[in-house]
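The chain contents come next:
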Protein chains: 2
Amino acid sequence: MTSAVIRSFRQAQQLREVFGPISDRLEAVERFIAKEFEAAQPLVAEVAGYVLSSGGKRIRPALVLLISRMLGAKGERDVRYGAVVEFIHSASLIHDDIIDESDLRRGKPTANHRWGNQVTVLVGDWLYTRSMSLCLEFGDVEIMRLLTAATLQMTEGEIMADRVRWRLDLAEDLYIDITRRKTAELFAAACALPALFQPATLHLTEPLADFGRDLGLCFQLVDDLLDFTATQSRLGKPVLADLREGRATLPIILLLPRLDRDQRARLDQVVSSGSFDAMSEEEVLELVRTSGVLDEVRRRATAQAELARHRLSGLPAGPERDALMRAATLLVTREM
Amino acid sequence: MTSAVIRSFRQAQQLREVFGPISDRLEAVERFIAKEFEAAQPLVAEVAGYVLSSGGKRIRPALVLLISRMLGAKGERDVRYGAVVEFIHSASLIHDDIIDESDLRRGKPTANHRWGNQVTVLVGDWLYTRSMSLCLEFGDVEIMRLLTAATLQMTEGEIMADRVRWRLDLAEDLYIDITRRKTAELFAAACALPALFQPATLHLTEPLADFGRDLGLCFQLVDDLLDFTATQSRLGKPVLADLREGRATLPIILLLPRLDRDQRARLDQVVSSGSFDAMSEEEVLELVRTSGVLDEVRRRATAQAELARHRLSGLPAGPERDALMRAATLLVTREM
């Protein structure tokens, strides 16, 4: 075993430890999801079950559960909404895979690769709609407002991302705005919604949303970074997948002003074609590594995590808040 | 002009007359939709605007508006929910087109043909999610329950339809169940939701849902029929499109027991391949026409419309109820 693989194992272990205080609730989320599928159409159960059991780290449900416990929430809504945010996240993954025509996610064939676009579009729709009806059973209108607003932002972010695909000249501000919508708003909603469980914690909605948004941004920055630093076996998908899909992420945006005219023209061809004919993968990786942009992105992700941790300072102290602090750190240092 | 085209024009005119009592409200729905798009992402506005301005007959909004007026509903919720049901319907059309890989709808290139699967999946998601947030602005939880339940049924119906694609041996019961889910449940929700606008009409929710369900079934039976009787210019898509997509509808299901072994085997090849190599289009049309199954389907659609009209008998009499009665008749006799 290489040291990198050992590190990766250790981090999975650490994540489990961070989520330790709510491991029983995480299991309850799994049971909740399994029960949902038992009651659903067999094909929904098959496809959605496949996607939802594909080794996701359940970060969003864990945030719902940790924050619910931190706020002293009683009852079973934490589990329900843990499942709901995972449903929404999975629906977006499923539709995203159709979009990208990607073949691999987390090292397994994507659902659309296996069942075709026909079924997977519909299973995504089912997950979105079912997540709404799960909110409705309890009549949680404010939580629905939060979640539909986040879902709209997510969808708009994906549409914006599609517009700038195959383009190298992406402004950093626009990239951050897209990332916030695509990833950070659902993190924000997951973190904020437990504050709506009881009147006494309503005033914490905004600070918790801010925490989630910062955490989500940090998460995505590291995700973009891993596309340049991880290997296929660890990431579960090929490295440089973003470039292959014509997506310029922050490392590329920061690299651009450091390139000469020729390098820039050849990198432009990579992004606009999604192939490495004009510039080899090795050359791209070499440029990214030696230019220092990876350090720069990691610095920004670290600052973002620091900001997230800072947001927690006004929230109830205790093992759950400690766990959230550690989770923020782990997200930055993760290699998976 | 052929007499068929004249008939088609006359029917469009009749439909406008039937919707006459609420023509001002229908225009308000159009304005509501236009305003939604003004506030949305430009690409959402472009794609969704394209789909929503593709000559849909606005039957579902018209039902919401007519029934709202019949029940004496005040305010602007009729217009809002008219737009919402059209959003949901359009989202399902958009995702349906991705599914079918069809190139034409209502005589125009489909959105996915023009913008690609990437954008159209997302615009469908946007319409679904936006329709939910439009309900949330007024906090109409019961209406959301109705609409999410209908959307879930619709999605499940589409998934079931996908499962039986390319198969000739489809039981009639299953076909009806799929049709009810795919089409009739959204009609039912559109008709029932105005009863939820005021406490005094709550007891009419069920009868109105029953009316809408019968009307929707009738609508779909005629739609299936038109695939065999209409020509491309009138229908806006090629005839026999269902067979081309491997979908056996009621005319085919009823035809089956009337075929000999050889015809059956060749028709099986048509459905399982979506091509007319084993049996020509002309032969299929000839068999369908001479066997009397088209008359049989039209008889059933007429009976369904009769049932729908019967459901109206307990509802407030007046010009709106008369219009609903005429709408049911028009749906059966329509040739577009």
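Residues numbered from 1 in each chain as written. Chains lettered and ligands numbered in written order. Predicted model: local features only at pLDDT ≥ 70, side-chain atom pairs only at ≥ 80, totals over all residues. Heavy atoms only, no water.

### Here we look at the overall build of chain A
Part 1: For chain A, the count of helices and strands is 16 helices and two strands.
Part 2: Computed over its C-alpha atoms, the radius of gyration of chain A comes to 20 Å, within 12% of the 20 Å expected for a compact globule of 336 residues.
Part 3: By principal-axis analysis of the C-alpha atoms, chain A measures approximately 60 × 45 × 40 Å.
Part 4: Put simply, chain A has 336 residues, and 62% of those count as buried. (Helix = DSSP H or I, 4+ residues; strand = E, 2+ residues; numbered from the N terminus. Rg over C-alpha atoms; globule rule 2.2 N^0.38 Å. Buried < 20%, exposed > 50% of the residue type's maximum accessible area, 1.4 Å probe, protein only.)

### Regarding the confidence of the model for chain A
Residues and elements named next belong to chain A.
Part 1: Predicted confidence across chain A gives a mean pLDDT of 89, with 90% of residues reaching 70 or more.
Part 2: Under a pLDDT of 50 for its full length, residues 100-106 has, in the predicted model, 31 contacts with residues more than four places off or in other chains.
Part 3: Across the assembled chains, the prediction reports ipTM 0.89 with pTM 0.91. (pLDDT = per-residue confidence, 0-100. Contact = heavy atoms within 4.5 Å.)

### Let's talk about the interface of chain B and chain A
Part 1: At the interface, 39 residues of chain B touch 39 residues of chain A.
Part 2: With both sides pooled, the region where chain B packs onto chain A buries about 3,600 Å², and carbon together with sulfur makes up 71% of that total.
Part 3: The largest contributions to the chain B side of the interface with chain A come from B:L122, B:L136 and B:I159, which together make up 17% of the buried area.
Part 4: Our count for the chain B to chain A interface comes out at zero salt bridges.
Part 5: Applying the counting rule to chain B against chain A returns six residue pairs in polar contact (both at pLDDT 80 or more). (Buried area = accessible area lost by both parts, 1.4 Å probe. Salt bridge = Lys/Arg side-chain N within 4 Å of Asp/Glu carboxyl O. Polar contact = N/O pair within 3.5 Å; in protein donor to acceptor, adjacent residues only side chain to side chain.)

### As for unusual backbone geometry
Residue and element names in this part refer to chain A.
Part 1: Backbone geometry places R58, a non-glycine residue, at a positive phi of 55°.
Part 2: Among the structural elements, R58 can be located in the loop between α3 (42-52) and α4 (59-70).
Part 3: Overall, the relative accessible area of 10% leaves R58 in the buried class.

### Notes on empty space enclosed by the protein
Part 1: As enumerated under the stated definition, the model contains eight cavities of 30 Å³ or more in all.
Part 2: Counted as a void, the largest cavity has a volume near 130 Å³.
Part 3: Along its surface, the largest cavity is lined by 13 residues, and A:Y128, A:M132, B:Y128, B:T129 and B:M132 are the ones closest to its centre.
Part 4: Those elements giving two or more residues to the lining of the largest cavity turn out to be α6 (111-137) and α7 (141-163) of chain A together with α6 (111-137) of chain B.
Part 5: Broken down by element, the lining of the largest cavity gets its largest block of residues, five residues, from α6(B).
Part 6: Per-class residue counts for the lining of the largest cavity are five nonpolar, seven polar and one charged. (1 Å grid on protein atoms, 1.4 Å probe; cavity = no way out; pocket = protein on both sides within 12 Å on 5 of 7 lines; lining within 4 Å. Points joined across faces, edges and corners; volume = space filled by probe spheres on them. Nonpolar A, V, L, I, M, F, W, Y, C, P; charged D, E, K, R; others polar.)

### Observations concerning the relation of the copies chain B and chain A
Part 1: After a rotation of 180° and a shift along the axis of 0.0 Å, chain B superposes on chain A with an RMSD of 0.0 Å. Taken together, the rotation and translation describe the operation of a two-fold axis.
Part 2: Taken together, the interface assignments show that 100% of the residues at the interface of chain B recur at the interface of chain A, consistent with an identical surface on both copies. (Least-squares fit on C-alpha atoms with pLDDT ≥ 70 in both.)

### So, the pattern of salt bridges
Part 1: For the structure shown, the criterion picks out 54 salt bridges over all chains.
Part 2: One salt bridge connects B:R145 with B:E142, and the closest N-O pair in it is separated by 2.5 Å. Within this pair, B:R145 and its partner B:E142 are both found in helix α7 (residues 141-163), separated by three residues, close to a single helical turn.
Part 3: Overall, B:E142 belongs to the partly exposed group, its relative accessible area being 44%.
Part 4: Three or more residues are tied together by salt bridges with common partners; here these are A:E156, A:D177, A:R180, A:R181, A:E185, A:D210, A:R213, A:D214 and A:R311.

### What about helix α15 (residues 293-311) of chain A?
Part 1: If you check α15(A), its first and last C-alpha atoms are 27 Å apart, about what 19 residues at 1.5 Å a residue would give, namely 27 Å.
Part 2: When α15(A) is considered as a whole, its buried residues turn out to be A:V293, A:L294, A:E296, A:V297, A:A301, A:Q304, A:A305, A:A308 and A:R309. (Expected span 1.5 Å × (residues − 1).)

### Concerning the environment of B:A209
Residues and elements named next belong to chain B.
Part 1: Locating A209 in the fold gives a position in helix α9 (residues 205-229).
Part 2: The class for A209 is buried, based on a relative accessible area of 6%.
Part 3: Through-space distance from the C-alpha of A209 to that of R311 is 9.6 Å; in sequence the pair is 102 residues apart.
Part 4: In contact with A209, other than residues within four places in its own chain, are A188 and A192.

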